[in-house]
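# Overview (structure and organization)
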Amino acid sequence: MTSSIAKTDITDLLKHMDPQLDAQRYAFATVGPYVAAGLDVVPTMSFIENEGVTLILCEEDAIKANIAHEFICQKITLQVHSALEAVGFMAAISNKLLDVGVPCNVVAGFYHDHLFIPVDKVETAMAALKELAG
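For clarity, every value in this text was computed on a predicted model and none was experimentally measured.

Bringing the packing of aromatic side chains into the picture now. Scanning the entire structure with this criterion turns up four aromatic pairs. Geometrically, the ring pair formed by Phe 28 and Phe 116 is edge-to-face, given 5.9 Å between the ring centres and 85° between the ring planes. Taken together, the positions of Phe 28 in strand 2 (residues 26-31) and Phe 116 in strand 7 (residues 113-118) put the pair 88 residues apart, joining distant regions of the chain.

Have a look at this one:
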């Protein structure tokens, strides 16, 4: 398990975010709770909403399991250990991506933030994030 001090300072977070692109293609899906419990795939993320269980899973797993899916994307992980209570980090990133016309879905993990970006926009997103990091 990684042990590091979580950062809260916006300038420090941006400077050290070190975005890393995952080559894997992901997809978003939603299924009922009983369906989710019986799936033979391990999602990268699942979140229970009133309407169903949201899954982020490898695109090939969604296809193999015959799960209707959308938003084919890649994951950019920001390598900085961002504190869960950090203020303004995602706002700065969202504004930069807005400026270059890139949609983004964010998942905050305990150590890192993960940006799910449409496959055709990842190069633009990576360039924008590197520029933002200075």
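Turning next to the nonpolar core. Counting 17 residues, the largest nonpolar core has Met 17, Ile 76, Leu 78, Phe 89, Ile 93 and Ile 117 as its most contacted members. For this core, the element with the highest residue contribution is helix 5 (residues 122-133), accounting for five residues. The residues contacting Ile 117, other than those within four sequence positions of it, are Phe 71, Ile 72, Cys 73, Gln 74, Ile 76, Leu 97, Val 102, Pro 103, Cys 104, Val 122 and Ala 125.

A separate point is the environment of Phe 89. Locating Phe 89 in the fold gives a position in helix 4 (residues 89-99). The class for Phe 89 is buried, based on a relative accessible area of 3%. Leave out the neighbours within four places in its chain, and Phe 89 touches Ile 10, Leu 13, Leu 14, Met 17, Leu 78, Val 80, Ser 82 and Asp 113.

Any two side chains of opposite charge can pair, on the condition that their charged atoms come close. Summed over all chains, the structure comprises four salt bridges. Note that Lys 7 is salt-bridged to Asp 12, the shortest N-O span being 3.3 Å. Since its relative accessible area comes to 26%, Lys 7 is described here as partly exposed. Since its relative accessible area comes to 23%, Asp 12 is described here as partly exposed. In this structure, Lys 75 engages Asp 22 in a salt bridge whose closest nitrogen and oxygen atoms are separated by 3.9 Å.

Secondary-structure assignment places Tyr 26 in strand 2. Residues Tyr 26 and Asn 95, 69 residues apart in the sequence, show an inter-C-alpha distance of 23 Å. Ignoring any residue separated from it by four or fewer positions in sequence, one finds Tyr 26 in contact with Thr 44, Ile 56, Leu 57, Cys 58, Glu 59, Phe 71, Ile 72, Cys 73, Gln 74, Lys 75 and Phe 116.

Definitions and limits used
Residues numbered from 1 in each chain as written. Predicted model: local features only at pLDDT ≥ 70, side-chain atom pairs only at ≥ 80, totals over all residues. Heavy atoms only, no water. Phe/Tyr/Trp six-rings, centres within 6.5 Å; stacked < 30°, edge-to-face > 60°. Helix = DSSP H or I, 4+ residues; strand = E, 2+ residues; numbered from the N terminus. Core = buried A, V, L, I, M, F, W, Y, C linked by side-chain atoms within 4.5 Å. Buried < 20%, exposed > 50% of the residue type's maximum accessible area, 1.4 Å probe, protein only. Contact = heavy atoms within 4.5 Å. Salt bridge = Lys/Arg side-chain N within 4 Å of Asp/Glu carboxyl O.

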